[in-house]
Amino acid sequence: MSRIGRMPIAVPAGVTVDIAENNKVTVKGPKGTLERVLPAEMEIKVEGTELTVSRPNDLKKMKSLHGLTRSLLNNMVIGVTDGFEKKLEVNGVGYRASKAGKILTLNLGYSHPVEMTDPEGIETVLEGQNVIIVKGIDNEKVGQFAAEIRDKRRPEPYKGKGIKYADETIRRKVGKTGKK
C-alpha cells in the first residue's frame with residue numbers, strides 16, 4: 001500500500017470540497033477556490049471532515065497515481081487555508097529588485113532591467129531590496145513563478161552572485177590561483 005496515499009486528509013472548518021464527474025475536484029476556502037481534474041481511476045470519498053483516496057488495483061501505474069492524487073488534494077486544501085510561499089534572495093553588488101504595481105523589476109547586472117509581471121493568482125512581495133517572497137494558493141504556480149524568477153540570473157559557484165532560494169545552499173568553488 002502507498003504510505004502517503006493511505007493517509008486521510010483532514011478538511012478544516014470553512015473548507016468545502018466538491019467532487020464532480022471524472023474526478024473534477026473543487027476546493028473552496030477562506031483564501032480562494034482551486035479546481036483540478038484528478039486521475040479518473042482513483043476513488044475520492046468525503047467522509048465527514050476527512051478525504052480519503054483509494055485505488056482500484058495494485059498495478060504499478062495505479063500505485064504511483066495513488067500517492068500523487070492524495071498529495072495534490074492535500075496541497076489544494078493547504079492552499080485555500082494557509083497558502084504557499086517561496087522566498088528568493090538576490091545576492092551581488094548592484095543586484096536589486098523593485099516593485100511597482102504588479103511589475104517586478106530586477107537589476108541583475110545586464111545592460112537592461114528585467115521586468116516580470118505577476119501571473120493571475122500570484123503575488124510577489126519585497127522585503128528590502130534583496131528578498132522576494134512569492135505567495136499564492138496554488139503550490140504549482142508559486143513554484144513555477146519562483147523558478148522563472150531564479151532563471152533570470154542563477155547563482156554562480158565562485159562568488160555566489162545571482163538569485164537563489166532562501167533555503168538553498170550554493171556549492172562554492174575555489175577560484176584561480178596566481179603563478180609563483
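As a reminder, the structure under discussion sits directly above these lines.
Rules behind the numbers
- Residues numbered from 1 in each chain as written.
- Predicted model: local features only at pLDDT ≥ 70, side-chain atom pairs only at ≥ 80, totals over all residues.
- Heavy atoms only, no water.
- Pairing = 2+ DSSP bridges.
- Helix = DSSP H or I, 4+ residues; strand = E, 2+ residues; numbered from the N terminus.
- Axes fitted to C-alpha atoms, helices over the stretch in contact; angles between N-to-C directions.
- Expected span 1.5 Å × (residues − 1).
- Buried < 20%, exposed > 50% of the residue type's maximum accessible area, 1.4 Å probe, protein only.
- Core = buried A, V, L, I, M, F, W, Y, C linked by side-chain atoms within 4.5 Å.
- Contact = heavy atoms within 4.5 Å.
- Arc of directions from axis to C-beta.
- Polar contact = N/O pair within 3.5 Å; in protein donor to acceptor, adjacent residues only side chain to side chain.

### A few points about the sheet that holds strand S2 (residues 16-19)
Read from one edge to the other, the open sheet built from three strands follows the order S2-S3-S4, with strand pairing classed as antiparallel. Both outer strands of the open sheet, S2 and strand S4 (32-37), are each paired with one neighbouring strand and no more. Taken pair by pair, the neighbouring strands of this sheet meet at an average axis angle of 15°, ignoring direction. Relative to S4, strand S3 (residues 24-29) runs antiparallel, the two sharing six bridges. By the bridge assignment, Thr 26 is partnered in S4 with Glu 35.

### Some thoughts on helix H2 (residues 60-81)
Between the first and last C-alpha of H2 there are 33 Å, a value that for 22 residues agrees with the 32 Å anticipated at 1.5 Å per step. Restricting attention to buried positions, one finds in H2 the residues Met 62, Leu 65, His 66, Gly 67, Thr 69, Arg 70, Leu 72, Leu 73, Met 76, Val 77, Gly 79 and Val 80.

### Structural notes on the nonpolar core
By size, the foremost hydrophobic cluster in this structure holds 20 residues, and its most contacted members are Val 17, Val 25, Val 27, Ile 44, Leu 51 and Leu 73. Taken together, the elements giving at least two residues each to this core come down to S3, strand S6 (50-54) and H2. Apart from residues no more than four positions distant in its own chain, Ile 44 is found in contact with Ile 19, Asn 23, Val 25, Leu 38, Leu 51, Thr 52, Val 53, Thr 69 and Leu 73.

### Here's the deal with helix H3 (residues 139-151)
The end-to-end C-alpha distance of H3 is 18 Å, a good match for the 18 Å that 13 residues give at a rise of 1.5 Å each. Turning to H3, its buried residues number three or more, namely Val 142, Gly 143, Phe 145, Ala 146, Ile 149 and Arg 150. Down the axis, H3 shows its buried residues gathered within 165° of arc, on one side only. On its buried face, H3 is in contact with strand S7 (84-91), strand S9 (103-107), strand S10 (114-117), strand S11 (122-127), strand S12 (131-136) and strand S13 (162-165). Where H3 starts, the residue carrying a side-chain oxygen 3.1 Å from the main-chain nitrogen of Glu 140 turns out to be Asp 138.

### A closer look at the sheet that holds S9
Within the open sheet, the three strands sit side by side as S8-S9-S10. Their pairing is antiparallel. Two strands lie at the open edges of the sheet, namely strand S8 (96-100) and S10, each paired on one side alone. The average angle at which neighbouring strand axes cross in this sheet is 20°, direction not considered. Pairing analysis gives four bridges linking S9 to S10, with the strands arranged antiparallel. Residue Thr 105 lies in a different strand from S10, and its bridge partner there is Glu 115. Along the sheet, H3 makes contact with S9 and S10, crossing S10 at roughly 170°.

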